[in-house]
Amino acid sequence: DTGVSQNPRHKITKRGQNVTFRCDPISEHNRLYWYRQTLGQGPEFLTYFQNEAQLEKSRLLSDRFSAERPKGSFSTLEIQRTEQGDSAMYLCASSLVIEQFFGPGTRLTVL
Amino acid sequence: GQQLNQSPQSMFIQEGEDVSMNCTSSSIFNTWLWYKQDPGEGPVLLIALYKAGELTSNGRLTAQFGITRKDSFLNISASIPSDVGIYFCAGQLLEGSQGNLIFGKGTKLSVKP
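Here goes a summary of the coordinates provided.

Definitions and limits used
- Residues numbered from 1 in each chain as written.
- Chains lettered and ligands numbered in written order.
- Predicted model: local features only at pLDDT ≥ 70, side-chain atom pairs only at ≥ 80, totals over all residues.
- Heavy atoms only, no water.
- Helix = DSSP H or I, 4+ residues; strand = E, 2+ residues; numbered from the N terminus.
- Rg over C-alpha atoms; globule rule 2.2 N^0.38 Å.
- Buried < 20%, exposed > 50% of the residue type's maximum accessible area, 1.4 Å probe, protein only.
- Contact = heavy atoms within 4.5 Å.
- Areas by Shrake-Rupley, 256 points an atom, 1.4 Å probe, with all protein chains shown as cover.
- Lys, Arg positive; Asp, Glu negative; His and termini not counted.
- Charge placed at Lys NZ, Arg CZ, Asp CG, Glu CD.
- Pairing = 2+ DSSP bridges.
- Axes fitted to C-alpha atoms, helices over the stretch in contact; angles between N-to-C directions.

**Digging into the overall build of chain B**
Helix and strand counts for chain B come out as zero helices and eleven strands. For chain B, the α and β elements follow one another from N to C terminus as β-β-β-β-β-β-β-β-β-β-β. Here the C-alpha atoms of chain B give a radius of gyration of 14 Å, agreeing with the 13 Å that 2.2 N^0.38 yields for 113 residues. For chain B, the spread of C-alpha atoms along the three principal axes comes to 45 × 30 × 20 Å. Here chain B holds 113 residues, and the buried ones make up 46% of them. Partitioning the contacts of chain B with sequence separation of at least 6, the portion at a separation of at least 24 is 54%. Accessible area for chain B stands at about 5,200 Å²; split by element, carbon and sulfur atoms hold 51% of it. Both charge centroids of chain B, one from 8 positive and one from 9 negative side chains, sit 5 Å from each other.

**What to know about the sheet that holds strand S1 (residues 5–7) of chain B**
Residue and element names in this part refer to chain B. The strand order across the open sheet built from five strands is S1-S3-S8-S7-S6, with neighbouring strands paired in antiparallel fashion. Whereas interior strands pair on both sides, the edge strands pair on one side only; in this sheet they are S1 and strand S6 (55–58). Sheet twist, expressed as the mean angle between neighbouring strand axes with direction ignored, is 15°. Note that strand S7 (residues 61–65) and strand S8 (residues 71–76) share five bridges and pair antiparallel. Considered in S8, the bridge of phenylalanine 65 is made with serine 72.

All quantities given are derived from atomic positions and should not be read as evidence of function.
Put into structure tokens, the structure is as follows:
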């Protein structure tokens, strides 16, 4: 399967712990996006990379959040000092131009 | 922030019926996309629209990009049980950010056999 993959699929952590998620985009896609989705809502944009450059960050992305795409391929999203409000589905998407293709998401639960 | 108003919030229909849902906004979009999401999975792209007035079909699905660039609709004909899920509209603004999509809150579709 050559779609977007995300790991882990589920993560349960205690408040205050750090977590890191990984996204592997479709191989020829140079653009990569992170979104967050809470229950009953559509995905909300967090940040966007073109190749290794982080071009845009939402104001939703607090100082505790950091994303990297060091070689322009896979990306990581780290949340430091997790809070219960961080519980959500974290979605990664990739694109060549406009049409974004999503991965299965990482479900984060902060206890 | 920017808002997309998606309606209806939910629909409960009989198998075989046609379905219609739409998205509206006060902002102008240069692209509209429609996605379907199953529980615990990521959204799957159904249809992409790039020009005002464009009408595009994908099997039993038909979507249109509104003339004003502020709205879009999705129709599903002859619904079947596997159409169950949450349908999202998403748009890319004409001005401002070119990196992200703005999503509606979704239309939850339930189909009774």
